Amino acid sequence: MYRTIKPNPVSLGTAKRLSEELNVPIEQVTHTPQHILLQRLTELARKKEAKEIGHYIAPLGKKSLILGGQQGIEAIKQNITTSLNSHGISYHIEPFKGECSNNEINRMKKIGQAQAVDIIIGVGGGKAIDTAKAVSFKLNCPVAIVPIIASTDAPCSALSVIYNDEGVFEQYLVLPRNPDLVLLDTKVIAHSPVRQLVAGMGDALSTYFEAAACARARARNIAGGTMTQAALAIAKLCYEILLRDGYQAKIACEQNVVTEALNNIVEANTLLSGLGFESAGLAACHAIHNGLTILEETHPYCHGEKVAFGTIIQLVLENRSMKELEEVIVFCRSVGLPTTLADIGLGNATPEQIRSAADALSRTYRQSEEDAFLQSSAIML
């Protein structure tokens, strides 16, 4: 749960505008940064079976809206519905249309209102999960997250990434709280597509390098403060687990078995990466991903695959040592993450396309940073 902490504005001009928009004295938004490690209410029930979800949902609500991709819902539908029925929890299942867009969020909100739900259950991958979190925010009700893949750090975070209906990045929606429940069934993850687990490693790969960049720049984190040493340590642990267990976890997923390595990678992909980016901050890795989304050729590729490529670019931009660069590239190749433009569909990209992505990166970074700052400011104040 967020503590009540006022974030530090970057300039007097920003402070004046923030003071006007929030209708508070300027003194409330001009002060020294505070170190913040996000404290969450989330209960991470790792290794728990999805069929136990009713036990965890019961204290949170009695009328649920289950949203997710058709394939994801079908994978665990019987277990979830049986468990909800046994605990007296009604449900309405609504298929997710594929993009976490404002149109889709508003569509789901209207369905939730019509069904008079008091809890949202998000099933599936990152975009379905982000949509569920945004809908729960709009309806002011709890949200439970049931990932069927470990492809991003979306499950535990208090953030939804908003795209347009065509899959082009638009903005970050900073939420006032983290999910109330994250139920991860590692047996389900072990039977998920290997590519999705690897994509989650790509998303998590960025966490430490973006945290380190934010630490050097004393940049604000998602909560509007500066990071703690604990946040940086979590981000580094995430990276260390990837290097140690990533390849073995991939093999385990290929064989549909739950191993210690797989458990560790699921934790790194979801919890550690989520804690790390929220409490430390984002940098070039994700900004590059956001810029790439304007190129249709990259749309078939997963979020984490593009973020992994962005991580390599950030290391080059920072003039990191050859040892560090080689370590990351060797890891990416060992698990199957992209290391070249061709690996993300841009083998024949023109200089004009690359420039357009770079221009979009710059625009979306400035706008999303400002949006995130104003939203977190409103939440904290």
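Structure: see above.
Enquirer: Would you mind going over helix α3 (residues 70-86) with me for this structure?
Expert: For an α-helix the count is 3.6 residues per turn, leaving residues at separations of three or four pointing the same way. Here α3 is 17 residues long and its end C-alpha atoms lie 23 Å apart, about the 24 Å a rise of 1.5 Å per residue gives. The sharpest bend along α3 measures roughly 60 degrees and falls at K77. Of the residues making up α3, those classed as buried are G72, I73, I76, I80, T81, S83 and L84. Count one or two residues on from α3 and you reach G88, which has phi positive near 70 degrees.

Enquirer: Is there a simple way to think about empty space enclosed by the protein in this case?
Expert: With a probe scaled to a water molecule rolled over the atoms, the places where space remains empty come into view. The full count for this structure, using the stated rule, is one cavity of 30 Å³ or more. Counted as a void, the largest cavity has a volume near 40 Å³. Around the largest cavity, the lining residues are I66, I73, I76, K77, I80, T81, I93 and V123. Here the lining of the largest cavity gets five residues from one element, more than from any other, and that element is α3. Its residues assigned to classes, the lining of the largest cavity comprises six nonpolar, one polar and one charged.

Enquirer: For this particular structure, what's the right way to read the packing of aromatic side chains?
Expert: According to the stated counting rule, one finds five aromatic pairs in the structure shown. Ring centres of F209 and Y239 lie 5.0 Å apart, and the angle between their planes is 75 degrees; on these two criteria the pair is classed as edge-to-face. Of this pair, F209 sits in helix α7 (residues 194-217) while Y239 sits in helix α8 (residues 229-254), and the two are 30 residues apart along the sequence. The pair F209 / Y239 is uniform in exposure class, with both members buried.

Enquirer: When you look at helix α12 (residues 322-335) in this model, what are you seeing that I'm missing?
Expert: Across its 14 residues, α12 extends 20 Å between first and last C-alpha, which sits within 8% of the 20 Å expected from 1.5 Å per residue. What α12 keeps buried is the set L325, V328, F331, C332 and V335. Down the axis of α12, the sector holding all buried residues measures 135 degrees, keeping them to one side. Opposite the packed face of α12, turned more than 90 degrees from it, sit the exposed residues M322, K323, V330 and R333. Where α12 terminates, the next one or two residues include G336, which has phi positive at roughly 100 degrees.

Here is what the cut-offs are and how they apply
- Residues numbered from 1 in each chain as written.
- Predicted model: local features only at pLDDT ≥ 70, side-chain atom pairs only at ≥ 80, totals over all residues.
- Heavy atoms only, no water.
- Helix = DSSP H or I, 4+ residues; strand = E, 2+ residues; numbered from the N terminus.
- Expected span 1.5 Å × (residues − 1).
- Bend = angle between axes of the 7 residues up to and from the residue.
- Buried < 20%, exposed > 50% of the residue type's maximum accessible area, 1.4 Å probe, protein only.
- 1 Å grid on protein atoms, 1.4 Å probe; cavity = no way out; pocket = protein on both sides within 12 Å on 5 of 7 lines; lining within 4 Å.
- Points joined across faces, edges and corners; volume = space filled by probe spheres on them.
- Nonpolar A, V, L, I, M, F, W, Y, C, P; charged D, E, K, R; others polar.
- Phe/Tyr/Trp six-rings, centres within 6.5 Å; stacked < 30°, edge-to-face > 60°.
- Arc of directions from axis to C-beta.

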